[in-house]
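# A structural walkthrough
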Amino acid sequence: MNSELRYAYYPGCSGLSTSKDYEISTRAVCRALGITLKEVPDWSCCGSTPAHTVDHVFSAALSARNLALVEQEGLQTVITPCPSCLTNLKVAAHRMCEESFRNEVNRHLEQACQNSIRVKSVLQVLVEDVGLQALQDRVMKPLTGLKVAPYYGCIMNRPPDIMDFDDPENPVAMDHILKALGSEVLPFPLKVECCGASYGVARKDVVMHLSGKLLSLAESLGAEAIVTACPLCQMNLDLRQDQINKTLGTSFRIPVFYYTQLMGLALGLDKEDLLLDKLTIDPEPALEKMRQAEAEARSEEV
Amino acid sequence: MDVVKLDAGYDQAFVDAVAEESGQDPYLCYQCGNCTAGCPYTFVYDLPVHQIMRLLQAGQKEKILKSRSLWLCATCESCTTRCPNEIDVARIMDVLRHMARREGHVTEKQVKQFADSFLNSVKKHGRVFEFGTLVKYITRSGRIWTDYDLGPKVMRKGKIAARPHDIKGKEEVARIFRSVFGEANDEF
């Protein structure tokens, strides 16, 4: 394994609140795989979707403040678990390649951004820099038989020329990780279809419809769990699952993990590093079924 | 079906401004409809996205800026990813939304109130404080029953931080807001 796995780390605001489980499990998995994360000191919000829907220079300035902080740390790459942060940081960096735009952004900043930082997702680093073989070698408790639907969300890989990682229509990075962990990865045709994003509060009907479609497909494929890489997707599918059931007259009961939680399980990390108790839909029945099947398989072998 | 007379109400300055602000050439669109075919939001749009592109080519400013679709686009990037002519359609939608906002056309009031409440929180704390954002939104929109059913779940599991995480540089962040939008702006 490469000993130089050291990155600036941008957690994102939801990691301090509604996606604390993603944040804690991401850090734990990185630690277990020898990745050093140096949190960006005094990082601020990237502005997420609201900022870019108001003004593009403003949105880039909120991101660029953080990129400038990374530059001061003397690191070349910043990584983040959150696709929304990732998009904002990457779009800002992409647009700032144009000098006039960069100058305009810097007019609003106290510390100018040179735009010298590379932005990547934690997922990208796990696949490219750690590698699937190294990951597989570390698996202590394989997730044998667990049928999972990998759901990437809409912006992890799109638009492709800016995100520059994996396939924009059929991403496979998470599929490969989940396979390396021993689980059975189902082909999930809606893996990049939008879940309704941040409309859960202002236009709940939109999320009910779009996330409902995702849950419905996952169920019809026989998925025992959905696996996400995005705090907003996870919240819509998990926390709002009962709202969806009430609205659509369905009775979905599908646990929705962050992929880092499943990695942590397979790597044999402590319970405190996974925070599975934060999930609204109890994942225990699915995990128990997996364990039982494995125990049976083992007894047959003997 | 609405009939739009292409020679009536054609606003060249509007088309030029959209092209300039988005860095895209709207005339590259040949109406294949791929954007609409992939758009998950068409079911709530008043104008599907390919029609917005066509109306843009026809310089129909009013019709576009008063569209609800602008406020319901989630920037999921399907249209941009699938446009055969490599038009960044989502960026055009973003720019149209900027214009609608500047000109006071708010057709999905709650969507704007939510975005404003979010940004208000960033301005105040440097990082978004989710619980505070929700409270602010409820105060602004008067929708007191929003997600009340999630309360017990969220509280029982400690899923949302009860206190903001103010950063040291929060004033610096607030200055970005003031520098871009002016001292007098009270939207956020």
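Attention in this report is confined to the structure presented alongside it.

So, how was this worked out
- Residues numbered from 1 in each chain as written.
- Chains lettered and ligands numbered in written order.
- Predicted model: local features only at pLDDT ≥ 70, side-chain atom pairs only at ≥ 80, totals over all residues.
- Helix = DSSP H or I, 4+ residues; strand = E, 2+ residues; numbered from the N terminus.
- Buried ≥ 20, exposed ≤ 12 C-beta atoms within 10 Å, placed from the backbone.
- Contact = placed C-beta atoms within 7 Å.
- Nonpolar A, V, L, I, M, F, W, Y, C, P; charged D, E, K, R; others polar.
- Pairing = 2+ DSSP bridges.
- Expected span 1.5 Å × (residues − 1).
- Arc of directions from axis to C-beta.
- Axes fitted to C-alpha atoms, helices over the stretch in contact; angles between N-to-C directions.

Our focus in this paragraph is the overall build of chain B. Across its full length, chain B holds 11 helices and 0 strands. Shown N-terminal to C-terminal, the secondary structure of chain B runs as helices and strands in the order α-α-α-α-α-α-α-α-α-α-α. Taken along its principal axes, the extent of the C-alpha atoms in chain B is 55 × 35 × 30 Å. Classification of the 188 residues of chain B by burial places 43% in the buried group. Sequence-distant contacts in chain B: of pairs separated by 6 or more residues, those separated by 24 or more amount to 66%.

Turning to the interface of chain A and chain B, a few remarks are in order. Contacts between the two partners involve 44 residues from chain A and, on the opposite side, 45 residues from chain B. For the side of chain A that touches chain B, the secondary structure elements donating two or more residues are α2 (48–52), α3 (56–73), α10 (199–202) and α11 (204–220) of chain A. In terms of residue count, the dominant contributor to the side of chain A that touches chain B is α3 of chain A (5 residues). Tallied by class, the residues present in the side of chain A that touches chain B amount to 23 nonpolar, 12 polar and 9 charged.

Sheet topology places strand β1 (residues 6–9) of chain A next to strand β2 (residues 36–39) of chain A; 4 bridges connect them, and they run parallel. Bridge pairing links Tyr7 of chain A to Leu37 of chain A in β2 of chain A.

A word on helix α11 (residues 170–181) of chain B. Taking 1.5 Å per residue, 12 residues should reach 16 Å; α11 of chain B reaches 17 Å between its end C-alpha atoms and fits that length. Of all the positions in α11 of chain B, only Val173, Ile176, Phe177 and Val180 of chain B are classed as buried. The buried side chains of α11 of chain B occupy one side of the element, clustering within an arc of 95° when seen end-on. Summarising the contacts, the buried residues of α11 of chain B are in contact with α3 of chain A together with α8 (109–125) of chain B. Immediately downstream of α11 of chain B, the backbone of Gly182 of chain B shows phi near 90°, a positive value.

This brings us to the sheet that holds strand β3 (residues 77–80) of chain A. Backbone hydrogen bonds are what pair the strands of a sheet, in a parallel or an antiparallel way. Residues and elements named next belong to chain A. In space, the 4 strands of this open sheet follow the order β2-β1-β3-β4, with parallel pairing throughout. Only two strands of the sheet have a single partner each, and these edge strands are β2 and β4 (118–121). Across this sheet, the average inter-strand angle for adjacent strands is 40°, counted without regard to direction. When β3 meets β4, the two strands line up parallel, connected through 4 bridges.

That is the geometry; function is a separate question.
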